[in-house]
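This is what each chain is made of:
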Amino acid sequence: MSALATRTINKLRKRRHELFFNLLRKNMSRPLRKDYRTADFEQLSRMIKEHPVMKAPETEQQQLQKLRTPEYRTKCVMRASLDDIALGINLYKLQLDKPMSPTLEEPNYLKEPAASARSAPSARPPSTPFIKVLLRKTPIMVLFERRSMTALADTDEGRQVMEDNLKYEELLSGIDKTRRTVDADTQTMTALMKSRLVNTERLTTGQMGSYVSNFEMYDTYTDLEKSTTSVQVQGEKKMEITTYHVGGVDQFVAINSLPGFRLALMLTMRILASNVFEPQQRRYRNMALPDPLAEDVKFKYRLGLLWRLSPPSSNRKVHQAVSDVSFCPSNGDIMAVAYGVYSHGKVGKLPRCGWVYVWNIKNPVNPERRYNYQVPVVTVEFSPTQPQLLAIGLHNGGVEVRDISSQDLPPLAISQRSSSPHFEPVTAIKWIYFEGDVGSRNPHITPFLATSQAGAVTKYRLINSPNMLGFEQQRLQRAEGELEGIPIERQPPAASLLANRNPQCLEIVLDPVQADIYYVLTDEGTLYKCSTNYPLQHLELRQVHDGPAACMEFSPWSPRMYLTCGSDWCIRIWLAGILLPIVTLQHHLSPVHCARWSRTHSTILVSLSRSTVDIWDLRNSTMKPVSSTVIDADIFYTTFKFTHCGRSLAVGNEAGNLLMLSFEDMPFPPHFQYKQLKRAIFKALSMQPDLRKQVKSVGYFGYPGGKKQTRA
């Protein structure tokens, strides 16, 4: 292109720019109209909104404004009851879309970010919002109220109400009726209904005049003095009770003599006693046995006291001791306790009377049968074939048999002086029975053996007579010379005394296998083996203790192993066929009154001294007992018996208290009882090789088939 053309084009461009600026200057100088100003603002606002800076995230102020909008509040509605909000249960459900800060700051796009802030993210976490709930009590608004209206059924108003109710039910019945009714209770307590027949008529009183002479007033006050008695209530407190005579007869005495009233009174007392002794009764019945899978099992061999049966008399000066205890063979809840004389060493007034109480664990407060005697009672024993029959041995040598099925029955049979001429105390009684008699359909009343301190064993039989038929089965003589058993030094008598030729019989035990064999222990420490088929002579004589032998019992798992205890502080375990004791237990320096095998563990036995109840376990040690329990240390113990299950113990003392104890924290019974017993015996004889060899030569000494057998 030529230079002229170029200059021409530049001049045209310059002229166009001047025209554009002149036009713009004219437009800016003219007055602005409203519509034009609105369009400019809209355009400017659109440009600002489309600017990249305006696309920054929402500020906290905008978030706050967004939360205040009704649309956003509608989306955050939470269904929660007032109780949930008050208790703070559902507060964790209150969540917002984005947390907000309690303070408002300048928008992010209006302030210049620092160099360090551009590279690092926000370090401060957002704060958690909270909601404040204000609860106000509103006025009570009654929506519906219908008062209860009742009327007597045998009145005109009641009959009218019943007719209205029938009409109302007819109106609601039918297929085309759409109304549905349901009978239900709504927040109402249980209504106690009472029949009108139990209501009594209103008593009306009135004033009447009457003439009473001085003689009638004197007779009235005299009758009140005779009929007013004081009854002891809660220890030392006394309450006066007045009974009114009708026709000269005390009505309370007459009612108390009725059998039905006495039965109802006994059942009522059982129910009242169960309110206090229910946990102990459940433990006695073994309703909660120890769990073998428990983690905290401890073997402490502990005895716990369940309850205490109080003595029969409130006079503490009278020396009354528990002389014997017998459990009913058919019902282990029933036990007979004899109260009398056990020892003469304790200072005190000896009783001239005795008692036999029949207790039931359903009522540990009061006995259910009471029998009083003019002499102390020494021993009691239930019949195994007729459980309602109870044989009682007295201190004067007499023997009675009672039927405890009723309180008012007289003695069933009484011994005679012609058939039992001795007058020494009867020390022990054992009923003779065979295996076929127990549990048979027609069991007969079997005879029983009674031993006395005169050295005589008498056999009694019940006949159709108020008197028992008895004859002397054995008359023991004092031992002379050297006997089998333990060696003792027996001093020869300086002179023969005819008045002391017979030893005192202290205990009688039946053989567990042979029904005609029985054993008698004497005060010389000798053991007589006798038979009912050979009267007036003994089969075997053995020296078992160096002093009086008090108790003997066979092992429940061995008919050939038995234990004896006596006043020489020892408990000896014997095995038939071996002349010497295989195990001797000695711990306390005091006489052992009684010792018995456990009914649940073959290696455990319990012994009773004057002040302690000891538990021995042959598996652990033969030198000392595993536990010794002392209850009422100032009172000496007399005797004890196991319950039928073997998990409780009845212990008597000289104060007349019968303590019912339970075995706690005991080891679990082994599955093979005989093997455990045999292993414990051989362990105890590990230091005596000669005696161990003799026991091994005996062979199997358990019951055939390994069965268990226990007898009281």
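If you're wondering where the values come from, they're calculated on a predicted model, not measured in any experiment. (Residues numbered from 1 in each chain as written. Predicted model: local features only at pLDDT ≥ 70, side-chain atom pairs only at ≥ 80, totals over all residues. Heavy atoms only, no water.)

With that out of the way, let us pick up the overall build of the protein. The number of helices and strands found in the protein is 12 helices and 33 strands. For the protein, buried positions account for 36% of its 712 residues. Put simply, of all contacts in the protein between residues at least 6 apart along the chain, 55% involve residues at least 24 apart. (Helix = DSSP H or I, 4+ residues; strand = E, 2+ residues; numbered from the N terminus. Buried < 20%, exposed > 50% of the residue type's maximum accessible area, 1.4 Å probe, protein only. Contact = heavy atoms within 4.5 Å.)

The next point concerns helix H10 (residues 259-284). Helix length check: H10, at 26 residues, gives a terminal C-alpha distance of 30 Å against a target of 38 Å (1.5 Å per residue), a shortfall beyond 12%. At Phe277, H10 shows its strongest bend, of approximately 85°, with the proline Pro279 following within four residues. Every buried residue of H10 is listed here: Met266, Arg270, Ala273, Phe277, Gln281, Arg283 and Tyr284. Buried-residue contacts for H10 involve strand S5 (302-309), strand S6 (321-327), strand S8 (354-360), strand S9 (369-373), strand S32 (648-653) and strand S33 (658-664). Where H10 ends, the next residue or the one after it, Asn286, has phi of about 60°, a positive value. (Expected span 1.5 Å × (residues − 1). Bend = angle between axes of the 7 residues up to and from the residue.)

Hydrogen bonds along the backbone pair up the strands of a sheet, which may run parallel or antiparallel. The sheet built from four strands is open, its strands ordered S10-S11-S12-S13 with antiparallel pairing. In this open sheet, the two edge strands, each paired with only one partner strand, are strand S10 (377-382) and strand S13 (413-414). (Pairing = 2+ DSSP bridges.)

Following the criterion strictly, the structure yields 13 aromatic pairs and no others. Measuring from centroid to centroid gives 5.5 Å for Tyr339 and Tyr357, while their planes differ by 70°, and the two rings are edge-to-face. One end of the pair, Tyr339, is in strand S7 (residues 334-340); the other, Tyr357, is in strand S8, and 18 residues separate them in sequence. Between Tyr519 and Phe554, the ring centres sit 5.6 Å apart and the planes meet at 55°, which makes this aromatic pair tilted. Remark: Phe554 occurs in strand S23 (residues 549-555) and Tyr519 occurs in strand S20 (residues 517-522); sequence separation between them is 35 residues. Here Tyr519 falls in the buried class, since its relative accessible area comes to 9%. (Phe/Tyr/Trp six-rings, centres within 6.5 Å; stacked < 30°, edge-to-face > 60°.)

Where nonpolar side chains cluster on the molecular surface, the patch consists of Val212, Met217, Tyr221 and Leu224 and spans about 370 Å² of accessible area. Within the secondary structure layout, Val212 lies in the loop between helix H7 (156-172) and helix H8 (214-227). Taking relative accessible area as the criterion, Val212 reaches 43% and is therefore assigned partly exposed. (Patch = residues over 30% accessible without salt bridge, like charges linked within 9 Å, V, L, I, M, F, W, Y side chains within 5 Å. Areas by Shrake-Rupley, 256 points an atom, 1.4 Å probe, with all protein chains shown as cover. Salt bridge = Lys/Arg side-chain N within 4 Å of Asp/Glu carboxyl O.)

Our next topic: the pattern of salt bridges. For the coordinates displayed, the defined rule picks out 15 salt bridges. In this structure, Glu368 and Arg270 form a salt bridge, with 2.7 Å as the shortest nitrogen-oxygen distance. Taken together, the residues Glu368 in the loop between S8 and S9 and Arg270 in helix H10 connect sequence positions 98 residues apart. The two residues Glu368 and Arg270 agree in class, both being buried.

Before going further, it helps to spend a moment on the side chain of Arg599. Within the fold, Arg599 resides in the loop between strand S27 (594-597) and strand S28 (604-608). In terms of polar contacts, Arg599 uses its side chain to reach the side chain of Glu553, at 3.0 Å. Polar contacts involving the side chain of Arg599 include one to the main-chain carbonyl oxygen of Trp597, which spans 2.7 Å. (Polar contact = N/O pair within 3.5 Å; in protein donor to acceptor, adjacent residues only side chain to side chain.)

The next subject is the side chain of Asn363. The topology assignment puts Asn363 in the loop between S8 and S9. Judged by its relative accessible area of 3%, Asn363 falls in the buried class. In this structure Asn363 touches Met269, Arg270, Ala273 and Glu368, once residues within four positions along its chain are discounted.

Glancing now at the nonpolar core. Counting 44 residues, the largest nonpolar core has Met561, Ile573, Ile582, Leu649 and Ile681 as the members making the most contacts within it. Counting residues per element, this core draws most heavily on helix H11 (residues 673-684), at five residues. In this structure Leu649 touches Val606, Val613, Phe640, Lys641, Phe642, Leu659, Met660, Leu661 and Phe663, once residues within four positions along its chain are discounted. With 19 residues, the next largest nonpolar core counts Ala273, Met335, Val337 and Ala650 among its residues. (Core = buried A, V, L, I, M, F, W, Y, C linked by side-chain atoms within 4.5 Å.)

Quick look at the pairing of strand S25 (residues 571-575) now. Of all five residues in S25, five are buried; the element is thus mostly enclosed. Covered by surrounding structure in S25 are Ile571, Ile573 and Leu575 together with Arg572 and Trp574, the residues of both alternating faces. Of the strand pairs in this sheet, strand S24 (residues 558-566) and S25 are connected by five bridges, and their pairing is antiparallel. Opposite Cys565, over in S25, you have Ile571 as the bridge partner. Hairpin connection, S24 to S25: the antiparallel pair is bridged by four residues, and Trp569 has positive phi, about 70°.

The strand order across the open sheet formed by four strands is S14-S15-S16-S17, and the pairing between neighbours is antiparallel. Sheet topology places strand S14 (426-431) and strand S17 (469-475) at the edges, where each strand pairs with a single neighbour. Direction aside, neighbouring strands of the sheet carry axes that sit 25° apart on average. Examined bridge by bridge, strand S15 (residues 448-452) and strand S16 (residues 456-461) share four bridges and lie antiparallel to one another. Bridge pairing in S16 links Ala450 to Thr458. (Axes fitted to C-alpha atoms, helices over the stretch in contact; angles between N-to-C directions.)

So, on to unusual backbone geometry. One non-glycine residue, Leu536, lies in the positive phi region at around 65°. Relative to the helices and strands, Leu536 resides in strand S22 (residues 534-543).

A word on the pairing of S14. Among the six residues in S14, six count as buried, and that is most of the element. Alignment of S14 against S15, held across five bridges, turns out to be antiparallel. From the neighbouring strand, Lys430 faces S15, where its bridge partner is Leu449.

This part covers empty space enclosed by the protein. The full count for this structure, using the stated rule, is three cavities of 30 Å³ or more. Its boundaries defined by the atoms lining it, the largest cavity holds a volume of some 80 Å³. Contributing to the lining of the largest cavity are 13 residues, with His587, His588, Val592, Ser607 and Asp614 lying nearest its centre. When the residues that make up the lining of the largest cavity are grouped by side-chain class, the tally is six nonpolar, six polar and one charged. (1 Å grid on protein atoms, 1.4 Å probe; cavity = no way out; pocket = protein on both sides within 12 Å on 5 of 7 lines; lining within 4 Å. Points joined across faces, edges and corners; volume = space filled by probe spheres on them. Nonpolar A, V, L, I, M, F, W, Y, C, P; charged D, E, K, R; others polar.)

With that out of the way, let us pick up the state of the cysteines. Inspection of every chain in the model, using the stated rule, returns zero disulfides. Cys551 carries a free sulfur, and the closest cysteine sulfur to it, the one in Cys594, is 3.8 Å from it. Owing to a relative accessible area of 1%, Cys551 belongs among the buried residues under this scheme. (Disulfide = S-S within 2.5 Å.)

Before going further, it helps to examine the packing of H11 against helix H12 (residues 689-698). It is at 9 Å that the axes of H11 and H12 come closest, and there the two elements cross at 155°. One element, H11, and the other, H12, form an angle in the roughly antiparallel class. Contacts from Ile681, Phe682 and Lys683 in H11 reach Arg692, Val695 and Lys696 in H12. When its residues are assigned to classes, the contact of H11 with H12 shows three nonpolar, no polar and three charged. (Parallel < 35°, antiparallel > 145°, perpendicular 65-115°, else oblique.)

Right, let's get into the confidence of the model for the protein. Of all residues in the protein, 71% have pLDDT values of 70 or greater, and the mean over the chain is 79. Every residue in residues 89-123 is under pLDDT 50, and counting partners more than four places away or in other chains gives 32 contacts. (pLDDT = per-residue confidence, 0-100.)

Moving on, we come to the environment of Val276. Tracing the backbone through its elements, the reader meets Val276 in helix H10. In the structure, Val276 is positioned 88 residues away from Pro364 in sequence and 9.8 Å away in space, judged by C-alpha atoms.

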